[in-house]
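# Working through the structure, step by step
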Amino acid sequence: MVFGLSTKMVVIGIVVIVILLTLGCVTLAMMTPNTSTPTPTVTATATAKATATAKATATAKATPTATATATTTLSSFNGILVEHPASTSGDDLTGTINKEMQTDYTPVVPFHRATIDGRDVYIGTTELDNGKVSKMYIFPLGSYSEARAAQDAYVKQLQAKGFTISSDSTTNSKEQSMINMDNGIQSANVQALGFNTATSTAAVTIYLPQGK
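Here's what I pulled together on the structure shown here.

Each value, and the rule that gives it
Residues numbered from 1 in each chain as written. Predicted model: local features only at pLDDT ≥ 70, side-chain atom pairs only at ≥ 80, totals over all residues. Heavy atoms only, no water. Helix = DSSP H or I, 4+ residues; strand = E, 2+ residues; numbered from the N terminus. Buried < 20%, exposed > 50% of the residue type's maximum accessible area, 1.4 Å probe, protein only. Contact = heavy atoms within 4.5 Å. Areas by Shrake-Rupley, 256 points an atom, 1.4 Å probe, with all protein chains shown as cover. Patch = residues over 30% accessible without salt bridge, like charges linked within 9 Å, V, L, I, M, F, W, Y side chains within 5 Å. Salt bridge = Lys/Arg side-chain N within 4 Å of Asp/Glu carboxyl O. Expected span 1.5 Å × (residues − 1). Arc of directions from axis to C-beta.

### Description of the overall build of the protein chain
- Each helix and strand in the protein chain was counted, giving three helices and nine strands.
- Listing each helix as α and each strand as β along the protein chain from the N terminus yields α-β-β-α-β-β-β-α-β-β-β-β.
- The burial tally for the protein chain puts 28% of its 212 residues in the buried class.
- A sequence separation of at least 24 residues applies to 46% of the contacts in the protein chain between residues at least 6 apart.
- Surface exposure of the protein chain reaches about 14,000 Å², of which carbon and sulfur atoms provide 59%.

Below, the structure is given as structure tokens:
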């Protein structure tokens, strides 16, 4: 007996109270508003800006000339007549000159094309009619006046190296000039012609005897 009630009645009462409390909790939970924090929506905005500006400025200025301007020195004579590689433009007279020279002289070293002082030149060594061997520089030019100007320039270059004029045989009416020079050890002959059979043009030819 508990408080005048049978044990059975007490147990029944407790069960009823538990049921009522459970129902109350469920009802309360259903009536309670949902206050959960909403999950924020994340919006990702990806902005990719790729600006590629390629500026390539290639300026190639090639001024073609009739002669080569290479700096490679192939040969020289007393610091003058400095030989550079041949031009790649203009007519190549190598074959014509070698053929013509075989008619009048005995070739020792065949002529080859080169550049000296910005001019086309053909250089070779021949045995002349008098039996002397001479290295020759043949410059094809456009006119007798141009040949005379080039002749004068080379005479002055030789004079600057100690050569003096030993004889001057110039006949402008025939468009031919031959100037012999000597420095006591070496000699040189600088010839200007209005027409050179080897080149079929006006030309300056410089003869450098090999030996006194």
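Having seen it, we continue.
### A closer look at a nonpolar patch on the surface
- On the surface, a cluster of nonpolar side chains totalling about 720 Å² of accessible area is made up of Met9, Val11, Ile12, Val15, Val16, Ile19, Leu20 and Leu23.
- Along the polypeptide, Ile19 turns up in helix α1 (residues 7-31).
- Judged by its relative accessible area of 46%, Ile19 is partly exposed.

### Quick word on unusual backbone geometry
- Of note, Asp117 is a non-glycine position whose phi angle comes to about 55 degrees, a positive value.
- With respect to the secondary-structure elements, Asp117 resides in the loop between β3 (106-116) and β4 (119-127).
- We note that Glu175 has phi near 55 degrees; this positive angle belongs to a residue other than glycine.
- Assignment of secondary structure puts Glu175 in the loop between β6 (164-171) and β7 (176-182).
- On the accessibility criterion, Glu175 (37% relative accessible area) is partly exposed.

### Considering helix α3 (residues 144-160)
- Compared with the 24 Å implied by 1.5 Å per residue over 17 residues, the 24 Å span of α3 between its first and last C-alpha is a close match.
- What α3 keeps buried is the set Tyr144, Ala147, Ala150, Gln151, Tyr154, Val155 and Leu158. All buried residues of α3 project into a common sector of 140 degrees when viewed along the axis, lining one side. Away from the buried face of α3 by more than 90 degrees, exposed residues Ser145, Lys156 and Ala160 are located.
- A positive phi of about 100 degrees marks Gly162, the residue just after α3.

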